[in-house]
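Remarks on the overall topology
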Amino acid sequence: MLKTEPIDLEAIRRDFPILKREVNGKRLVYLDNAATTQKPRQVIEALVDYYSRYNSNVHRSVHRLGEEATEAYEGAREKAARFVGASPKGLVFTRGTTESTNLVRFSWGEKFVKKGDTLVTTLMEHHSNIVPWQLLAKRKEANLRFVSLTPEGTLDIASLEEVLRDSPALVAVTHCSNVLGTINDVAKVCSMARKVGAATVVDGAQAVPHFPVDFAAIGCDFYAFSGHKMLGPTGIGALVSRKELLEEIDPFHGGGEMIKEVFLDHSTWNDVPYKFEAGTVNIADAIGLGAAVDYLTHVGMDKVREHEMALLRYTLESLTGVKGFKHYGPREPENKGGVLSFNLGDVHPHDLATILDEEGIAIRSGHHCAQPLMRWLDVSATSRASFHVYNGQDDVDALKAGLEKAGRIFRL
Amino acid sequence: MSSADIYREVVLDYYRNPRNFGKLEHFDISSHDTNPLCGDEVDIQIKVGNGKTIEEIMFSGRGCAISQASASMLTELAKGKELEWVKQLSKQDILGMLGNPELGPSRIKCALLGMKALKTGVYGYLGATYDGQDGTEGSR
Ligand SMILES: Cc1ncc(COP(=O)(O)O)c(C=O)c1O
């Protein structure tokens, strides 16, 4: 049952210029949203508007354009912060989720992690929430431990309890898996972690674009996300934290803008969040992200979520009957983001992607930057269809027809 | 050209029933290569006869139909040939072997993975270095 009015799919599609495109003479069916989403004209226009009307550096020029650019850039910070229930002073603009976790690795990790400490992450993480901790563990001679998964592909709470007995310094967990779609109860994980004194990092790359997120309610120390997966431009994202914690940790990059005063032998740091935004920042894309937040707010994140849940339900129902279809991860849309990983008989995902491409259908095939999870699933690769607000049942029907065609070609 | 032509019956047959699949107990050349984009892997082992012919050759690996079928077909083609023959082998030979499918740049790398492993191994044995100057370069 829909709790709210459904979205106006046709009106939304008209906002995305790329959806008019044909691929191999077919309507583009874009189902690779977990990799990156398409951009509405409102976002594209915000970029063009900035470059054509008020392009200027921020925070340092007192002229008119500089003030307009600063206002737009800081306005985008406020929008993005409000969108995830955080305070603007606690939101650092980064290049995206990967830079955000690496910021924590350096600024927090170098200061607080000691030899022999334990760091914890999980088997369902994207490499960007594994590799930084591996590097940190190596440098500090700390141990990295992994929370294992249940057969359904959810976090194994017993395994989490077990690693928490080590009193880890850090627990890093994804809000939503980019492979299985599993939505983790991160508030619970963070509360368990906090009880043993661990700092917490939540990877929100697949959460913020798809459902309402409330940083304050989750209660984590750091929350990371990427703009390009939420209808915004590439090259912009955020690390969200509390102002006091950002004040306590060390700077990330050194250079202009992040300092208060520079002497020959030392420097003092700018206030947060500027202490972490060294050099000329990504002004245009931050403004573009602000426009994406406006767009999603206008549609309503509750509606985005309901739309994707309905689509997920429809997809699982219609693909389950396709010969050879094998799905990975939770099946209940309530516990699952709009991401669906599967295999089709012995058709390798790359062969499947080639066949679907011929039909104008874009899916992702491969290890999805989650090799430990692939090993846990005991597959070398999966195919992945992932949704956003402009996808509809017609896209799923096209996918189904494409899978059936692949099944015929491969004589499944 | 459509995907039905890429995945011809013979390609699917080599994918599902790869010839010369496995490991040699005694070998003189062993070469491993991967295509990190796809996660395709190919291992090739060769027993050299009289210091100059491919007496026995086996491959193992996992990955997409194109990479695995192509590697398997290549082992059949290479068996009994002189090592020097490997130097003449070209991208066109491999594509011809597969029935000249129209492959995009990312999938061509799948098709050429076996050749790349073979060339790297044989060139090394002959004291040369394979520089990838025949279309297999850049598969990283
Ligand atoms: C769950 C998850 N975490 C992190 C990332 C990395 O995001 P980015 O490449 O934007 O840094 C991605 C996307 O690739 C992702 O899906």
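Worth saying up front: this structure is predicted, and the values here are computed from it rather than measured. (Residues numbered from 1 in each chain as written. Chains lettered and ligands numbered in written order. Predicted model: local features only at pLDDT ≥ 70, side-chain atom pairs only at ≥ 80, totals over all residues. Heavy atoms only, no water.)

1. Structural notes on the overall build of chain A
Counting its secondary structure elements, chain A contains 14 helices and 17 strands. Projected onto its principal axes, the C-alpha positions of chain A cover 70 × 55 × 40 Å. Counting across all 412 residues of chain A, residues that qualify as buried make up 59%. Long-range contacts, defined here as pairs at least 24 residues apart, represent 71% of the contacts in chain A between residues at least 6 apart. A total accessible area of about 16600 Å² is found for chain A, and carbon and sulfur atoms account for 52% of it. Between the centroid of the 48 positive side chains of chain A and the centroid of its 54 negative side chains there is a distance of 3 Å. (Helix = DSSP H or I, 4+ residues; strand = E, 2+ residues; numbered from the N terminus. Buried < 20%, exposed > 50% of the residue type's maximum accessible area, 1.4 Å probe, protein only. Contact = heavy atoms within 4.5 Å. Areas by Shrake-Rupley, 256 points an atom, 1.4 Å probe, with all protein chains shown as cover. Lys, Arg positive; Asp, Glu negative; His and termini not counted. Charge placed at Lys NZ, Arg CZ, Asp CG, Glu CD.)

2. Description of the overall build of chain B
Helix and strand content of chain B: six helices and three strands. Beginning at the N terminus, the succession of helices and strands in chain B can be written as α-α-β-β-β-α-α-α-α. For chain B, whose C-alpha radius of gyration is 14 Å, the value lies close to the compact-globule estimate of 14 Å for 140 residues. Projected onto the principal axes, the alpha-carbon positions of chain B cover approximately 45 × 30 × 25 Å. Relative to its full complement of 140 residues, chain B shows a buried share of 51%. As displayed, chain B offers around 6300 Å² of accessible surface, 47% of which is attributable to carbon and sulfur atoms. Averaged over its 16 positive side-chain charges, chain B has a centre that lies 2 Å from the centre of its 19 negative ones. (Rg over C-alpha atoms; globule rule 2.2 N^0.38 Å.)

3. Digging into the site of the ligand
Residue and element names in this part refer to chain A. All residues adjacent to the ligand are Thr-97, Thr-98, His-126, Ser-128, Asn-178, Asp-203, Ala-205, Gln-206, Ser-226, His-228 and Lys-229. Within the contact set of the ligand, an oxygen atom lies 2.7 Å away from a side-chain nitrogen or oxygen of His-228. Here an oxygen atom of the ligand and a side-chain polar atom of Lys-229 are 2.7 Å apart. With the chains in place, 85% of the 390 Å² that the ligand exposes on its own is no longer accessible. Among the residues forming the shell around the ligand, the class breakdown is one nonpolar, eight polar and two charged. (Near = heavy atom within 4 Å. Polar contact = N/O pair within 3.5 Å; in protein donor to acceptor, adjacent residues only side chain to side chain. Nonpolar A, V, L, I, M, F, W, Y, C, P; charged D, E, K, R; others polar.)

4. Things to note about the pairing of strand β9 (residues 222-226) of chain A
Residues and elements named next belong to chain A. Burial analysis of β9 places five of its five residues in the buried class, which makes it a mostly covered element. Bridge analysis of strand β8 (residues 199-203) against β9 gives three bridges, and the strand direction is parallel. Across the sheet, residue Val-202 finds its bridge partner in β9, namely Tyr-223. Both β9 and strand β10 (residues 237-240) contribute to a ladder of four bridges, which runs antiparallel. Looking at the pairing, Phe-225 lines up with Ala-238 of β10. (Pairing = 2+ DSSP bridges.)

5. Some words on the side chain of Asn-343 of chain A
Residue and element names in this part refer to chain A. Within the secondary structure layout, Asn-343 lies in strand β14 (residues 339-344). A polar atom in the side chain of Asn-343 sits 3.1 Å from the backbone oxygen of Ala-381. Apart from the residues within four sequence positions on either side, Asn-343 is in contact with Gly-324, Phe-325, Lys-326, Tyr-328, Pro-349, Val-379, Ala-381, Thr-382 and Ser-383.

6. Quick word on the pairing of β8 of chain A
Residue and element names in this part refer to chain A. Taking burial as the measure, the five residues of β8 include five buried ones, the bulk of the element. A two-sided burial pattern is seen for β8, the buried positions comprising Ala-199, Val-201 and Asp-203 on one face and Thr-200 and Val-202 on the other. For strand β7 (residues 170-174) and β8, the ladder comprises five bridges, and the chain directions are parallel. Looking at the pairing, Val-173 lines up with Val-202 of β8. For the crossover that starts at β7, traverses helix α7 (residues 186-195) and ends in the parallel β8, the hand is right-handed. (Right-handed = clockwise from strand over helix to strand, strands pointing away.)

7. Topic: the interface of chain B and chain A
Interfaces are often sized by the amount of accessible area the parts lose when they come together. Taken together, the contacts link 20 residues of chain B with 15 residues of chain A. Taking both sides of the interface into account, the surface hidden between chain B and chain A amounts to around 1400 Å²; carbon and sulfur atoms contribute 49%. Taken as a group, Ser-3, Tyr-7 and Arg-16 of chain B account for 33% of the area that chain B buries against chain A, more than any other trio of residues on that side. Where chain B touches chain A, the interface holds ten residue pairs in polar contact (both at pLDDT 80 or more). Of all the secondary structure elements, the ones that give two or more residues to the side of chain B that touches chain A are α1 (3-6), α2 (9-16) and α3 (65-78) of chain B. Among the elements that take part in the side of chain B that touches chain A, α2 of chain B stands out by supplying four residues, more than any other. Among the residues forming the side of chain B that touches chain A, the class breakdown is twelve nonpolar, three polar and five charged. (Buried area = accessible area lost by both parts, 1.4 Å probe.)

8. Details of the layout of surface pockets
Taken as a whole, the largest pocket encloses approximately 430 Å³ of empty space. As for the largest pocket, its lining consists of 17 residues, and the residues nearest its centre are Ala-353, Thr-354 and Asp-357 of chain A together with Gly-104 and Arg-107 of chain B. Secondary structure elements with two or more residues in the lining of the largest pocket: α12 (349-357) of chain A together with α1 and α6 (105-125) of chain B. The element contributing the most residues to the lining of the largest pocket is α12 of chain A, with four residues. (1 Å grid on protein atoms, 1.4 Å probe; cavity = no way out; pocket = protein on both sides within 12 Å on 5 of 7 lines; lining within 4 Å. Points joined across faces, edges and corners; volume = space filled by probe spheres on them.)

9. Some thoughts on the domain arrangement of chain A
Residue and element names in this part refer to chain A. Taken domain by domain, chain A comprises domain 1 (9-30 + 300-409) and domain 2 (44-297). Just the C-alpha atoms count here: the centres of domain 1 and domain 2 sit 28 Å apart. For the pairing of domain 1 and domain 2, the buried interface totals around 2500 Å² over both sides, and the portion due to carbon and sulfur atoms is 66%. Three residues, Met-301, Leu-373 and Trp-376, lead the burial of domain 1 against domain 2; their summed loss comes to 27% of the area buried on that side. Across the contact surface, domain 1 and domain 2 share zero salt bridges. Inspection of the domain 1/domain 2 interface yields 14 residue pairs in polar contact (both at pLDDT 80 or more). Mapped onto the side of domain 1 that touches domain 2, the elements with two or more residues apiece are α11 (301-320), β14 and α13 (371-377). For the side of domain 1 that touches domain 2, the class distribution of residues is 18 nonpolar, nine polar and seven charged. (Domains from an automatic or database assignment. Salt bridge = Lys/Arg side-chain N within 4 Å of Asp/Glu carboxyl O.)

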